[in-house]
Amino acid sequence: MNIHEYQAKEIFRSFGVPTPRGGVAFNPAKARKIAEGLGGKVWVVKAQIHAGGRGKGKVYHPKTNEIVLGSGVRICKSLDEVESTAQAMLKNKLVTVQTGPAGKIIRRILVEEGINIARELYAGVVLDRSVGMPVVMVSTEGGVEIEKVAAKTPEKILKKWIDPSIGFQMYQARELAYGLKLKGDAFKNGVKFLLTLARAYKESDASLVEINPLVVTKEGRVLALDAKMNFDDNALYRHPDILKMRDTKEEDPLEVKASAAHLNYIKLDGNVGCMVNGAGLAMATMDMIKLSGGEPANFLDVGGSASAETVEQGFRIILADKNVKAILINIFGGIVRADRVAQGVVQAAKNTKVKIPIVVRLAGTNAEKAGEILAKSGLSFEVANNLKEAAASVNRALTS
């Protein structure tokens, strides 16, 4: 699950991770009021969407597509400018490299105090699956996409892995702060910052924490000027306060619908709808479709105990994607019998009135009986004996 920047900063502050003072606004008047409360002469207004690159993005009118603002992050030097910037952002769409041309509607903004920035750095914590441990990463190249730094100057990314048995250690934080060339108060504050950041990552069950830029002020403070947090969905039952931060308007509507039906669904850009039981089998199915020359339209895992109801829900979600021109069903009858799945497929196809080609591959327990059920259904299923054959058949159906 992803959350907004202002929500991530709320979590940061609860763990003692320093951030600029600020507040979230849903209308221009509230934005002005927040700026007045913060005081000072400079404020920053930041669009809140689930995507990066906001500072380099552009704000467009959603109907006319005219550019309203040249950036999704703006420095304001008067209260009137804060209010007018909020007016220009809210209800318009922000297009960044991560949103694609469609962009995302700005429904809320973050107003923060201006900061005397001396240096911009980078800090992040993520699970390194290659070694099975979280890794704390820092770089002197703050404000630059970390992927570009890794590709062009990987030596500028410093890493310290966290041994789960002992946690993130003081000496590791000190080594990273030294590598960032922090000195004096900034060094002490940087060490403390990294220690609390690692704690926030662990105790919130985050899958990613990223700060770009992490700033050092002229006064020696170290602050999270930006904040990004992703969470392990499987651990959210332990964090009802974080779960409440979910913004379904920022998510794909089909993925929200699938989540409500307890289906694992991710929308893709292809035209072959996939319905599979088991995440590994789903990945293999998508690979085989690609190898056969097609493009999968989704990842959909209906689970090991797929029922007629879950299969029907899966059909409805797949068919809601207008790009889908054919469906490949690949079910292995292990926990659930293949004949029961076949009955669910027939029922779902009739109830949803499917009018596009459907290729079915069922294997495992009672697979032969399942084939008979499909053959006698009166529906035009194409039954394949193996996955390779199924992928080839569904791609032929697209071109015929």
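Above this note sits the structure.
All values derive from a computational prediction rather than experimental measurement. (Residues numbered from 1 in each chain as written. Predicted model: local features only at pLDDT ≥ 70, side-chain atom pairs only at ≥ 80, totals over all residues. Heavy atoms only, no water.)

**Q** Would you explain the overall build of the chain in this entry?
**A** Of regular secondary structure, the chain possesses 13 helices and 20 strands. Here the chain holds 400 residues, and the buried ones make up 49% of them. Put simply, of all contacts in the chain between residues at least 6 apart along the chain, 69% involve residues at least 24 apart. Surface summary for the chain: the accessible area is close to 19700 Å², and the carbon and sulfur share equals 52%. (Helix = DSSP H or I, 4+ residues; strand = E, 2+ residues; numbered from the N terminus. Buried < 20%, exposed > 50% of the residue type's maximum accessible area, 1.4 Å probe, protein only. Contact = heavy atoms within 4.5 Å. Areas by Shrake-Rupley, 256 points an atom, 1.4 Å probe, with all protein chains shown as cover.)

**Q** Looking at this structure, I do not really get the environment of valine 95. What am I missing?
**A** Structurally, valine 95 is set in strand S6 (residues 93-95). Residue valine 95 is classed as buried on the basis of its relative accessible area of 17%.

**Q** Which parts of the structure should I look at to understand the sheet that holds strand S3 (residues 58-60)?
**A** Paired through backbone hydrogen bonds, the strands of a sheet run either parallel or antiparallel to each other. Read from one edge to the other, the open sheet built from 4 strands follows the order S4-S3-S6-S7, with strand pairing classed as antiparallel. In this open sheet, the two edge strands, each paired with only one partner strand, are strand S4 (67-69) and strand S7 (104-105). Along the sheet, helix H3 (residues 79-89) contacts S3 and S4; its crossing angle with S4, the most-contacted strand, is approximately 145°. (Pairing = 2+ DSSP bridges. Axes fitted to C-alpha atoms, helices over the stretch in contact; angles between N-to-C directions.)

**Q** How should the side chain of asparagine 277 be read in this particular structure?
**A** Following the sequence through the fold, asparagine 277 ends up in the loop between strand S16 (272-276) and helix H9 (279-291). On the basis of relative accessibility, which here comes to 8%, the residue asparagine 277 falls in the buried class. In this structure the side chain of asparagine 277 is engaged in a polar contact, spanning 2.9 Å, whose partner is the backbone oxygen of phenylalanine 332. (Polar contact = N/O pair within 3.5 Å; in protein donor to acceptor, adjacent residues only side chain to side chain.)

**Q** Which parts of the structure should I look at to understand the sheet that holds strand S1 (residues 22-25)?
**A** Sheet architecture is open: 4 strands sit in the order S1-S8-S2-S5, paired in antiparallel fashion. One side of each edge strand has no neighbouring strand; the edge strands of this open sheet are S1 and strand S5 (73-76). Put simply, the sheet's adjacent strands are angled 20° from each other on average, direction ignored. Sheet strands touched by helix H1 (residues 5-15): S1, strand S2 (43-47) and strand S8 (109-113). Its angle to S8, the strand with the most contacts, is close to 50°.

**Q** Looking at this structure, how should I read the pattern of salt bridges?
**A** In total, this model carries 21 salt bridges according to the counting rule given. Notably, a salt bridge pairs arginine 21 with glutamate 113, separated by 3.2 Å at the nearest N-O pair. Separated by 92 residues along the polypeptide, arginine 21 in the loop between H1 and S1 and glutamate 113 in strand S8 bring together distant segments of the chain. Here arginine 21 falls in the partly exposed class, since its relative accessible area comes to 43%. In this structure, a network of salt bridges that share partners links the residues Glu5, Lys9, Lys46, Arg54, Glu112 and Asp226. (Salt bridge = Lys/Arg side-chain N within 4 Å of Asp/Glu carboxyl O.)

**Q** It is not clear to me how the packing of helix H5 (residues 170-179) against helix H6 (residues 184-203) should be interpreted in this structure. Could you clarify?
**A** Packed helices, taken two at a time, are described by the angle between their axes plus the distance between the axes. Between H5 and H6, the least distance of the axes is 9 Å, while the angle of their chain directions is 130°. Considering the angle they form, H5 stands oblique to H6. Every pair of crossing elements has a handedness; the one defined by H5 and H6 is right-handed. Counting all contacts with H5, which are made through Met170, Ala173, Arg174, Leu176, Ala177 and Tyr178, the residues of H6 involved are Phe187, Val191, Leu194 and Leu195. (Parallel < 35°, antiparallel > 145°, perpendicular 65-115°, else oblique. Left-handed = near helix turned anticlockwise from the far one by under 90°.)

**Q** Can you walk me through the nonpolar core in this structure?
**A** Generally speaking, a soluble globular protein has its nonpolar side chains buried in company with each other. Formed by 41 residues in total, the largest nonpolar core has its most connected members in Phe12, Phe193, Leu194, Met229 and Phe231. At the level of secondary structure, the elements contributing two or more residues to this core comprise H1, strand S9 (117-128), strand S10 (133-139), H5, H6, strand S12 (206-217), strand S13 (222-224) and strand S14 (228-231). For this core, the leading source of residues is H6, giving 9 residues. Sequence-distant contacts of phenylalanine 231, defined by excluding residues within four places in its chain, comprise Met1, Ile3, Ile11, Ser204, Asp205, Ala206, Ser207, Leu236 and Ile242. Ranked by size, the runner-up nonpolar core spans 32 residues in total, among them Val302, Ile317, Val336 and Val345. (Core = buried A, V, L, I, M, F, W, Y, C linked by side-chain atoms within 4.5 Å.)

**Q** What am I meant to see in the side chain of aspartate 128 here?
**A** Mapping aspartate 128 onto the fold places it in strand S9. Buried and unpaired, aspartate 128 has lysine 159 as its nearest opposite-charge partner, separated by 5.8 Å. Of note is the side chain of aspartate 128, whose polar atom sits 2.5 Å from the side chain of serine 130. If we ignore the near neighbours within four places in the chain, the residues touching aspartate 128 are Met133, Pro134, Val135 and Trp161. (Lys, Arg positive; Asp, Glu negative; His and termini not counted.)

**Q** For this particular structure, what's the right way to read the packing of helix H2 (residues 28-38) against H3?
**A** Two numbers describe how H2 lies on H3: the axes approach to 8 Å, and their chain directions differ by 145°. Between H2 and H3 lies a crossing of right-handed hand. Here Pro28, Ala29, Ala31, Arg32, Ala35 and Glu36 of H2 lie close against H3, whose contacting residues are Leu79, Asp80, Val82, Glu83, Ala86 and Gln87.

**Q** So what exactly am I meant to see when it comes to H2 here?
**A** Note that an α-helix has 3.6 residues per turn; residues three or four places apart therefore point the same way. All of the buried residues in H2 are Pro28, Ala31, Ile34, Ala35 and Leu38. When H2 is viewed along its axis, its buried side chains cluster within an angular range of 120° and face the same direction. The exposed set on the far side of H2, more than 90 degrees from its buried face, consists of Lys33 and Gly37. The residue sitting at the N-terminus of H2 and contributing the capping side-chain oxygen is asparagine 27; that oxygen lies 3.3 Å from the backbone nitrogen of alanine 29. (Arc of directions from axis to C-beta.)

**Q** Which parts of the structure should I look at to understand unusual backbone geometry?
**A** As a rule of thumb, non-glycine residues mostly have phi less than zero, and peptide bonds are mostly trans rather than cis. Cis geometry marks the peptide bond from asparagine 212 to proline 213, where omega comes out at 15°. The residue proline 213 is located in strand S12 in this model. At lysine 181, a residue that is not glycine, the phi angle is positive and equals roughly 65°. Mapped onto the secondary structure, lysine 181 falls in the loop between H5 and H6. Residue classification places lysine 181 among the exposed positions, given a relative accessible area of 58%. Backbone geometry at aspartate 205 places phi at a positive 55°, although glycine is not the residue there. Mapped onto the secondary structure, aspartate 205 falls in the loop between H6 and S12.

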